[in-house]
Amino acid sequence: MGFDVVLYNCDGCKLKDIFEISEELHSEIFNSKKTWRSYMELRKLSDYYLTDETFSGERLSNLISDLINYKLFIPANHLAEYEAFIATISRFEIGKIHIAGD
């Protein structure tokens, strides 16, 4: 089971669609040989079992920037899911997201 990403609109209302980050993608992003620790917002998602983070405003923008900049470290077999996550949280109607692990 992966991370659940709950989406909210700009008025704070929960949207029906939920995005899931697979356990495999999470493992790939936070592989110990990669430089994820230097990405301030992204690194807050590193603990698969303790993550419980809400991003909105500047924090959400910074997370999106971190993800875009980190994309070059994602292998081709996980790139589609990674890009779908970026596209989902970048939609104009998204005002806040909540990410929770197991």
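Residues numbered from 1 in each chain as written. Predicted model: local features only at pLDDT ≥ 70, side-chain atom pairs only at ≥ 80, totals over all residues. Heavy atoms only, no water.

**A word on helix H2 (residues 57-70)**
Reasoning step 1: In this model H2 runs 20 Å from its N-terminal to its C-terminal C-alpha over 14 residues, within 8% of the 20 Å that 1.5 Å per residue would give.
Reasoning step 2: Among the residues of H2, those classed as buried are Leu 60, Leu 63, Ile 64, Asp 66, Leu 67 and Tyr 70. Buried residues of H2, viewed axially, fall in a sector of 160°; they line one side.
Reasoning step 3: Along its buried surface, H2 packs onto helix H1 (23-29), strand E3 (52-56), helix H3 (76-89) and strand E4 (94-100). (Helix = DSSP H or I, 4+ residues; strand = E, 2+ residues; numbered from the N terminus. Expected span 1.5 Å × (residues − 1). Buried < 20%, exposed > 50% of the residue type's maximum accessible area, 1.4 Å probe, protein only. Arc of directions from axis to C-beta. Contact = heavy atoms within 4.5 Å.)

**Remarks on the confidence of the model for the chain**
Reasoning step 1: For the chain, the average pLDDT comes to 92, and 98% of its residues sit at 70 or higher.
Reasoning step 2: At the low end of the mean pLDDT range in the chain sits strand E2 (residues 14-21), at 91; at the high end sits H2, at 97. (pLDDT = per-residue confidence, 0-100.)

**With respect to the sheet that holds E3**
Reasoning step 1: If you walk across this open sheet you meet the 4 strands as E2-E1-E4-E3, and the pairing is antiparallel. In this open sheet, the two edge strands, each paired with only one partner strand, are E2 and E3. Neighbour-to-neighbour, the strand axes of this sheet turn through a mean angle of 20°, independent of strand direction.
Reasoning step 2: One ladder, built from 5 bridges, connects strand E1 (residues 3-9) with E2; its direction is antiparallel. Note on E2: the bridge partner recorded for Tyr 8 is Lys 14.
Reasoning step 3: Here H2 sits on the sheet and contacts E3 and E4; the angle it forms with E3, its principal contact strand, is near 100°.
Reasoning step 4: Running over the sheet, H3 touches E1, E2 and E4 and is turned about 155° from E2. (Pairing = 2+ DSSP bridges. Axes fitted to C-alpha atoms, helices over the stretch in contact; angles between N-to-C directions.)

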